[in-house]
Every structure is written in C-alpha cells, then in structure tokens.
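# Structural overview
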Amino acid sequence: MYILRRGVEIMVLVKASDLTIKRIDEFIAVLEVMKGDLELLSQISKLGDKCIDALRSGGKIVLFGNGGSAADAQHISAELVGRYQKDRAPLPAIALTTDTSALTAIANDFDYESVFSRQIEALVSEKDVVIGISTSGSSKNVIFGIETAKKKGALCVSFVGSRKDTLSAQSDLLISIPSESTPFIQQAHMIVGHVLCEYIEENI
C-alpha cells in the first residue's frame, strides 16, 4: 500500500494481523454462501454415502490434483489410510501424486497431461470412487484422469471452484466452491475433505 506525503510516495506495510482479519472475513463470506448452497450440500452428502458404499464393496478412494491440490489429495488419503479422529481399521485410499517414478516416467515417455489417466487406467476399477481436484476446473491432466475413470466405470467426482464447465459434464458428482480465489477454493476443499473423512469414519 502506498500513500503520498508532501508529494513523496511512501510505502506503508500492512500489518499481518490486519491482513489476517481481512482474509478471515472474506473466507467466512465464502463459507456462508456454501452453507446456503443446497445443491453443494446435496453433492457432499451423496459423496459421503457413495464413498461408504464403495469401501464396503471392496473399492477404494483415489485422489489426484496439481500443486496445492496434490497436497490436498495426499492429505485426504492419509487421513483415510491412517486415522482422522478415531482409532479404526485402515481404509483403502491412494493419492496418484506420490509415486515420483511413475509421474516422471509418464510425463517423460508420454506427456504431462497423461500422468493421472495412465495411472487410473492401471489401478482403478468400477468399484472405486475417483476424486479429481482442480481449483481452476480446467487442468488438462485432471480432466483426462476423470474421463479415463469414467471409461473404467468408477464413480467420478470433481472438486472445483466456481469455474466448473469443463469438468461438470464428465463428473457424476461435482463439489463446486462458490469462489474464484485459489486460496479460498483450496481451503474450502479441505473443509469438505475433512467432513468426508469424518463422515466415513463415523459410518463405515
């Protein structure tokens, strides 16, 4: 932020505490919209039930995304394989972002757009729930991954922001966060991810 003092432009630093309050207020506004979005709440509810059905039927949860969304995929997978809040048997979940040899080999031998679809072709069955995470809603490797999962007969789920057109047609369930801010979309995705882990843990 800049101000003029006696004709001289001077930079004034914004306090971290003020910025924190501002971002919290902005994120609360996103959460309030989510609370009132009946379609979004319905999609989350259906996802929880479908994941439980898949796990009870011998299926697994498969997650993937790029960058921060890759971290979210790994985070959710870890909560399921390890534990969320309760001691219980481990649940089968895989993040397709953790095998560096597979990722680099596929990107090198084919192309980066195939890094998830190739793994899905090898690892996914019709019993599985496949969750692609893309804040932009337009990540080509996520789109190709969901398309491949659909061909395999898996339940296809996309976590996106308000931009959802590209993935909506390919997805059986769409978790669309009402924001275009990448940080807020990622934060909201993890709220949904944690709710999903808790719901599964309480009901499996």
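Residues numbered from 1 in each chain as written. Predicted model: local features only at pLDDT ≥ 70, side-chain atom pairs only at ≥ 80, totals over all residues. Heavy atoms only, no water.

One can find E121 in helix α5 (residues 117-123). Put simply, E121 and T148 are 27 residues apart on the chain and 6.7 Å apart in space, counted from C-alpha to C-alpha. Sequence-distant contacts of E121, that is, excluding residues within four places in its chain, are made with T148 and K152. (Helix = DSSP H or I, 4+ residues; strand = E, 2+ residues; numbered from the N terminus. Contact = heavy atoms within 4.5 Å.)

Let us now look at the packing of helix α1 (residues 16-36) against helix α8 (residues 182-203). Relative orientation of the contacting elements α1 and α8 amounts to 55°, with a least axis distance of 11 Å. Considering the angle they form, α1 stands oblique to α8. By crossing handedness, the relation of α1 to α8 is classed as right-handed. Touching R23, E26, F27, V30, L31 and M34 of α1 are F184, Q187, A188, I191 and V192, all from α8. (Axes fitted to C-alpha atoms, helices over the stretch in contact; angles between N-to-C directions. Parallel < 35°, antiparallel > 145°, perpendicular 65-115°, else oblique. Left-handed = near helix turned anticlockwise from the far one by under 90°.)

Next up on the list: the pattern of salt bridges. Counted according to the given criterion, the structure contains eight salt bridges. Note that D87 is salt-bridged to R83, the shortest N-O span being 2.9 Å. Given the relative accessible area of 68%, D87 is considered exposed. Here R83 falls in the partly exposed class, since its relative accessible area comes to 41%. We note a salt bridge from K150 to D172, for which the minimum N-O separation is 3.3 Å. Of the two residues, K150 sits in helix α6 (residues 140-152) while D172 sits in the loop between α7 (165-168) and β7 (173-176), which places them 22 residues apart along the sequence. Judged by relative accessible area, K150 falls into the partly exposed class, the value being 35%. (Salt bridge = Lys/Arg side-chain N within 4 Å of Asp/Glu carboxyl O. Buried < 20%, exposed > 50% of the residue type's maximum accessible area, 1.4 Å probe, protein only.)

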